[in-house]
Amino acid sequence: MRRIRKISAWLMVFSICFVLLAQARASGEGMESFAAAEKSGSAFSRYTYEMYISDNGDVPKGAGEISIAPDSYVEATGPVETDEEKGITWAEEFTDIVYEVTVDRDSKYAIYLEYNATAENTMFAEMAVLINDELPFDGADKFMLRVPWVMDLEFRSDSRGNHLMPAQRADTAPVSAPLADSEGLYNKPYEFVFRAGTNRLTIRAYSKGIRISKITLKSPAESIWYAEYENAHKGKQDKAADKEIYIDAEKPLRKSDSSITPLYERGSAATEPNDPVKMLLNTIGGDKWQLPGQWIEYSFDVPETGYYRLNLRCKQNLKNGLPTIRRMYIDGEVPFEEAESLAVPFSIRWQMLTAGGKDQPYWFYLEKGTHTLRLEVATGKYGEIARNVLEAVYDLNALYREIIMITGTSPDIYRDYDLVKSVPGLMDVLESSRKRLQAELDTMVAAGEKGSETAVIEDLLVQIRDFQKKPDTIPKALEFFRSNISAVSSWVLNLNRQPLEIDYIVFQGRDVPDRKAGGSFFSSLWYQIASILGSFVHDYNVIGDVYDKNDSLNVWVFSGRDQAQTIKQLIDEQFTSQYRINVNVSLVQTGLIEATLAKNGPDIALFAGSGDPVNLASRGALVELSQFDSFEEVSKRFYPSAMEPYKYNGGVYALPLTQHFPMLFYRSDIFAELGIEPPRTWDDLYKLINIIQGRNMNIGMPDIFATLLYQNGGRYYNDDLSATEFDTPAASNAFTQWTEFYSMYGLPLTYDLYNRFRTGEMPLAIADYTFYTQLYVAAPEIRNLWEMTLVPGTVLEDGTINNTVVGGGGQAAIIMHTCKNKEAAWTFLDWFTSDKAQADYGNLIEARLGVIGRYPTANKEAFKLLPTSVKLKNIIIEQWERVEELPQIPASYYVSRNLTNAFRRVQYYYENPRHTLHIYNRYINEEIKRKREEMGRYALSQRKGD
Amino acid sequence: MHYRRGKGIETMHQAAYKYALSKGKRRDTRDAYLMLLPFLLLFSFFIVLPILSSIFLGFTYFDMIQMPQFLGVKNYVRMFLDDDVFLKALSNTVVFAVITGPIGYMSCFIFAWLINELPPRVRSVLTFIFYVPTISGSIYIMWTYIFSGDSYGLINGVLRNLGLINKPIQFLTDPKYVLSVIMLVQIWMSLGTAFLSFIAGLQNVDKQLYEAGAIDGIRNRWQELFYITLPSMGPQLQFGAVMQIGASFSVSQIAIALAGFPSTDNAATTIVTHIMDVGNLRYEMGYASAISVFLFAIMLFTNFLLRNILRAVTKDD
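Residues numbered from 1 in each chain as written. Chains lettered and ligands numbered in written order. Predicted model: local features only at pLDDT ≥ 70, side-chain atom pairs only at ≥ 80, totals over all residues. Heavy atoms only, no water.

Caption draft 1: A look at the interface of chain A and chain B. At the interface, 50 residues of chain A touch 46 residues of chain B. Approximately 4800 Å² of surface area, both sides summed, lies buried where chain A meets chain B, with 56% of it carried by carbon and sulfur atoms. In this structure, the connection of chain A to chain B is made through five salt bridges. One salt bridge connects Lys931(A) with Glu284(B), and the closest N-O pair in it is separated by 3.0 Å. In this structure, the connection of chain A to chain B is made through nine residue pairs in polar contact (both at pLDDT 80 or more). (Contact = heavy atoms within 4.5 Å. Buried area = accessible area lost by both parts, 1.4 Å probe. Salt bridge = Lys/Arg side-chain N within 4 Å of Asp/Glu carboxyl O. Polar contact = N/O pair within 3.5 Å; in protein donor to acceptor, adjacent residues only side chain to side chain.)

Below you can see the structure in the form of structure tokens.
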């Protein structure tokens, strides 16, 4: 018995080990995204820059420089203005400006543009270039001209010693940049081929807001290796042996993006400057500085001519397994080839990076005077690796699509598909992909990088080899094949993200010793202790200056630190100076009710969820707003629908800050391929379902019941909000239509919209309109391949289409009944919801967070002032004008809950929709009745304006 | 234990009696109370006081914005007679407790017993591996990926590959499946503190008892288990029972993380999630307090029952 027990115990041990090992072998990224990168434009025609260069390998580099005067264009599709200095600006998006370029013989040139911003909040401009009216290669339509931003270098502090984020604006000084790849796949500027004779060069501007002052064609300078550089500067005068030049990284001269802001770093005792308790802005970068092309530039003074080495105190703890690369420019030039890719390895601690390595650092020869240093995100040799892997991924994806055209996405495992015969080139593609992937893997392994980073590629290789040996197992393994391919392409897309945080930069002479990256043990220890003790005394939730609670407004912001700081900044700049009311801003996550109960609550809460105001108002916790004089004017700033959720018992209890509503998204490239149009009515949509599903794709349909209900002329509640109107034909029809999407038409119940839209598996979907910012930021490869339009409508008797949609809630501003100075609180709300304040807030928060932070303001005019492209603004406003919002009642949560239950009952138990709705409607109305009794009997009567 | 050598040899009892009355004892007692004081303060403040206030609030209507209003026993009447969801929650919780409690408890013991055989190093490693789900706090979230209703979710993907299903099964939103899924995850997480205490207890069983038993005619492992091991582990078994089975009444985190809050058709609603729903979402803190008092009573009762059973098993006086 003892032996059996022992054996079973060891068996347990072994099985656990086995499971753990199997886990480690399994696809490393399998849990994440299923994104396949379609590198180029259309899914079926691809002509990469690499192909372009190899096709034109015999074309020599152009000689000399060709300068094109910006105002010498021969054609323009929109109004173009020339100013006195011969720079040009254009007034419309999508303007083509054509120039003629004449060369004696075929030559290759890179195109350098000198440009500057025309407004203080321009962040970048998107361009395409056509040669002789054709896109020369894929990627020529995705140029991003970044407009540098500058910020105040004197950091102000609030009354408690914390640094405030400095103000920043676009730099209107001109900057010169070549047209280059913005995804990090090619490290040198693009070179365009011009044929002998006259060529047409078209600059297609997708956005406006910049001015071009020079267009120059020249060949990029040949770069030299460090050995040559060293030779060239050998034996020169060195007066700098004991000199050190210190540059504070958080005070750049300028930076390529507004979103690269200084950071508060309070984790290390050796960061300069530092304080264990106060929040100081002492580093820069981190995950805000990671996209290829982003750069930060510094200005520094060299005290004496001589040799200096470069040391960087930095932290690279976000990219595990691979180093982060930076390209450095001194005075606008890369000094030598090795400086194209300075690599910072991964470490959870701060490190001191020496350019060239500690043993044999690079010695830069700097003349006395002022110079600039620019550090730019680059991909180094990983650019080439990424390119090659993407080639293989592209081929494998095409192969996958061909296979599923024969087998479908769930192949019959008992059928012999004989893929080798039915898919032409199957084995060839597998072999060429395998060779390519193996080559890249070998390159990485040789460079010493193994582990989790290369596991994804190894897995795919293993699978390909299996397929080559046993092609009839392919149908069974199709699912894993697909997710392996996705994992690899995800890997590539993440490869070019290079986050790095830097604290300071030093140029040091030969005799100056290296600085240490970390503090001594005792200083670190003391620092941590002080930090902990300080957290008991220093309030990190209050933002900015703190005033006496009793004589200022206390505002709680239910959002992130960036939002709270921006609001505080706006208050200091605009509100307090104008109205002379002091405001305390605190950052909170929850606890509003508890705090109010304990009489510790705020006067105003910002960004409360849309369901809260009615719940709070019905219990007497909020101040009614329509009693204030300027209420009429203020409410005109929003669409009437926006105020609907905040009405209760004849009063209005909140002002809307944001508003969300659904729109239709579709992949224009896939639709073009299939020869279909986006649906304008639901009937159109039904016709599309067949076509789309026939190609093994699908449609994304979220909870669309309310929209269907309203389009059918129904509504949620009756006039006095005492019961629902779900027993009407309109409600039954809407509910049946909604459930049939899934039960009858097979649309998926759960889906990852972002990934499926990207891969094209879900080329049509309804989603909240802010989804477009996610696509913009995180799906660059399909940038020009999708469109937004109105949600399908219902055809009415008179032939018109009802395009109403029901909004998806938003956030609101409320005044708590414990507020002592209600007039002042109203003044604040009036100011914060005004056009200017909302537009400023939106612009500031986007400058801080990037496009993903775009603010879905509820203010009609402010929306027009945000940096959204004109085309999108128009379609969004068109849908916005047709938005209705659901009224909120204290039992609202119960309505949505039961609708969901009814929906699921129909889906899982195949019950009759009409009948199910009827049953759950009864539960809903019982609860509504109960709540109304409760409110009537126990809640105190509403206090109007005390 | 001090006893004075005085007039002759006193019995232990007499000595003990004298000690109990002596200054030394009183001083020791006072020191003991002082050492308990911090814990007692915190305990009264954070546990006893909330329980008392819950009992009080259970008799009121309290929406957290205005002062509580006295209702008498109306909350309790409503709980049993007018609240379908509560009854569903009660049945779910009892099913949970009855299945995952004892199964979890027994699996704690079985695993501890099996591991006990192994050399100390291996035993520590394995203890760690089994205890990890409990330490890590929220790792059970990975089950949402395994059971995901997306056709690419792990189980759905495998089943589709095998050709067993066509449409993905919505494990976490379909009332048919969700309770079983949560019970599975709960059992997976059940190797908690009870497990650790069993391992310690098994180590501390006096080896001499085994030898004595072997001599006295114990023939196999089962007899050894019942006659020697279990009786010696009385305190640990009781502690484990309280922890394990008592805790299974308050399952809520896993249910919320996996099945959503609320779960479809209340299929996975437990008493605690119902309390959270009523108290936080519906602003009816008085009613929520009444339910929590009821839960408290159930747990006390179960605890009492378990101790008596275990007393019988371990023949502990």
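Having seen it, we continue.
Caption draft 2: Quick peek at the sheet that holds strand β8 (residues 143-146) of chain A. Residues and elements named next belong to chain A. Pairing in this open sheet of five strands is antiparallel, and the strands run β2-β5-β13-β7-β8 from one edge to the other. Edge positions in the sheet fall to β2 (75-76) and β8, since each has one partner strand and no second. Bridge count for strand β7 (residues 124-131) against strand β13 (residues 197-205) is five bridges, and the pairing is antiparallel. Pairing of Val129 across the sheet is with Ile203, part of β13. (Pairing = 2+ DSSP bridges. Helix = DSSP H or I, 4+ residues; strand = E, 2+ residues; numbered from the N terminus.)

Caption draft 3: Broad picture of the side chain of Thr283(A). All names here are of chain A. Inspection of the secondary structure puts Thr283 in strand β18 (residues 281-286). Given the relative accessible area of 0%, Thr283 is considered buried. Polar side-chain contacts of Thr283 include one of 2.9 Å to the side chain of Glu501. Once residues lying within four places of it in the same chain are set aside, the contact partners of Thr283 are Glu250, Pro262, Leu263, Glu265, Thr271, Trp350, Glu501, Ile502 and Asp503. (Buried < 20%, exposed > 50% of the residue type's maximum accessible area, 1.4 Å probe, protein only.)

Caption draft 4: Looking closely at the side chain of Glu340(A). All names here are of chain A. By the element assignment, Glu340 lies in the loop between β21 (324-330) and β22 (342-344). A polar side-chain atom of Glu340 sits 2.8 Å from a polar atom in the side chain of Arg327. If we ignore the near neighbours within four places in the chain, the residues touching Glu340 are Asn187, Lys188, Ile325, Arg326, Arg327, Val334 and Ala378.

Caption draft 5: Structural detail: the sheet that holds strand β34 (residues 662-667) of chain A. Residue and element names in this part refer to chain A. Spatially, four strands are ordered β35-β36-β34-β37 in an open sheet, and the strand pairing comes out mixed. Edge positions in the sheet fall to β35 (699-700) and β37 (786-789), since each of these pairs with one other strand and no more. In this sheet, strand β36 (residues 764-768) lies alongside β35 in parallel orientation, the contact comprising two bridges. Across the sheet, Ile699 pairs through a bridge with Leu764, a residue of β36. Packed onto the sheet, helix α16 (residues 682-694) meets β35 and β36 and runs at close to 125° relative to β36. Against the sheet, helix α24 (residues 870-880) touches β34 and β37, its axis set at about 30° to β37. (Axes fitted to C-alpha atoms, helices over the stretch in contact; angles between N-to-C directions.)

Caption draft 6: Local environment of the domain arrangement of chain B. When the domains of chain B are assigned, the result is domain 1 (1-43) and domain 2 (76-314). Here domain 1 of chain B and domain 2 of chain B have C-alpha centroids that lie 42 Å from each other. (Domains from an automatic or database assignment.)

Caption draft 7: Structural view of a positive patch on the surface. Residue and element names in this part refer to chain A. On the surface, a cluster of positive charge is contributed by Arg465, Lys469, Lys470 and Lys476. Structurally, Lys469 can be placed in helix α7 (residues 452-469). Owing to a relative accessible area of 66%, Lys469 belongs among the exposed residues under this scheme. (Patch = residues over 30% accessible without salt bridge, like charges linked within 9 Å, V, L, I, M, F, W, Y side chains within 5 Å. Areas by Shrake-Rupley, 256 points an atom, 1.4 Å probe, with all protein chains shown as cover. Lys, Arg positive; Asp, Glu negative; His and termini not counted. Charge placed at Lys NZ, Arg CZ, Asp CG, Glu CD.)

Caption draft 8: Fine view of the domain arrangement of chain A. Under the domain assignment used here, chain A contains domain 1 (49-218), domain 2 (235-377 + 498-525), domain 3 (383-495), domain 4 (542-659 + 809-882) and domain 5 (663-807 + 886-938). Domain 2 of chain A and domain 5 of chain A are separated by 52 Å when their C-alpha centres are compared.

Caption draft 9: Layout of the pairing of β34(A). Residues and elements named next belong to chain A. By the criterion of burial, β34 is predominantly enclosed, with six of the six residues buried. Of the two faces of β34, the one lined by Pro662, Leu664 and Tyr666 and the one lined by Met663, Phe665 and Arg667 are each fully buried. Taken together, the five bridges between β34 and β36 define a ladder with antiparallel strand orientation. Looking across to β36, one finds that Pro662 is bridged to Asp768. In the sheet, β34 pairs with β37 via four bridges, with the strands oriented antiparallel. Across the sheet, residue Arg667 finds its bridge partner in β37, namely Trp786.

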